[in-house]
Amino acid sequence: MKIAIPIENNSGLQSALYGHFGSAPFYALYETESQALNIITNTTMDHQHGQCHPAQALVKEKITTVICRGMGLRAIQNLNALG
């Protein structure tokens, strides 16, 4: 399983969680089988409400699970539509 978690800073396992999916500065990508951690920058963090598209970047990374504190309806719909 490959998990994406929105984070506040790029500090590896010490990165602070970020409160909202779409406007997070970074995403921690964690592969449960290999226990590998990769951190990517959210290039769409500055956006108008409802206009973020980080789901596209996560699909390219073959993410299967997202863990976050908050997420807008459009992001939920986009992630579900992308599988």
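Above this text sits the structure in question.
How each quantity is defined
Residues numbered from 1 in each chain as written. Predicted model: local features only at pLDDT ≥ 70, side-chain atom pairs only at ≥ 80, totals over all residues. Heavy atoms only, no water. Helix = DSSP H or I, 4+ residues; strand = E, 2+ residues; numbered from the N terminus. Buried < 20%, exposed > 50% of the residue type's maximum accessible area, 1.4 Å probe, protein only. Contact = heavy atoms within 4.5 Å. Areas by Shrake-Rupley, 256 points an atom, 1.4 Å probe, with all protein chains shown as cover. Core = buried A, V, L, I, M, F, W, Y, C linked by side-chain atoms within 4.5 Å. Salt bridge = Lys/Arg side-chain N within 4 Å of Asp/Glu carboxyl O.

Colleague: Which residues make up the overall build of the protein, and what are the values?
Modeller: A count of helical and extended segments in the protein gives 2 helices and 4 strands. Scored against the burial criterion, the 83 residues of the protein give a buried share of 30%. Contacts in the protein between residues at least 24 apart in sequence constitute 48% of all its contacts with a sequence separation of at least 6. When the accessible surface of the protein is split by element, carbon and sulfur atoms take 51% of a total near 5,300 Å².

Colleague: For the nonpolar core, give the residues involved together with the corresponding values.
Modeller: One finds Ala4, Phe21, Ala24, Tyr27, Leu29, Ile40, Ala55, Leu58, Ile63, Ala75 and Leu79 forming the largest nonpolar core, which totals 11 residues. Elements that contribute at least two residues to this core include exactly strand E2 (26–31), helix H1 (54–60) and helix H2 (73–81).

Colleague: I'd like to hear about the pattern of salt bridges, residue by residue, with values.
Modeller: When the charged atoms of two side chains lie near each other, side chains of opposite charge can form a pair. A full pass over the atoms with the stated rule returns 1 salt bridge. In this structure, Glu61 engages Lys2 in a salt bridge whose closest nitrogen and oxygen atoms are separated by 3.7 Å. Of the two residues, Glu61 is situated in the loop between H1 and strand E4 (65–66) and Lys2 in strand E1 (residues 2–7); the sequence distance between them amounts to 59 residues.

Read these as layout, nothing more, since geometry by itself doesn't imply function.
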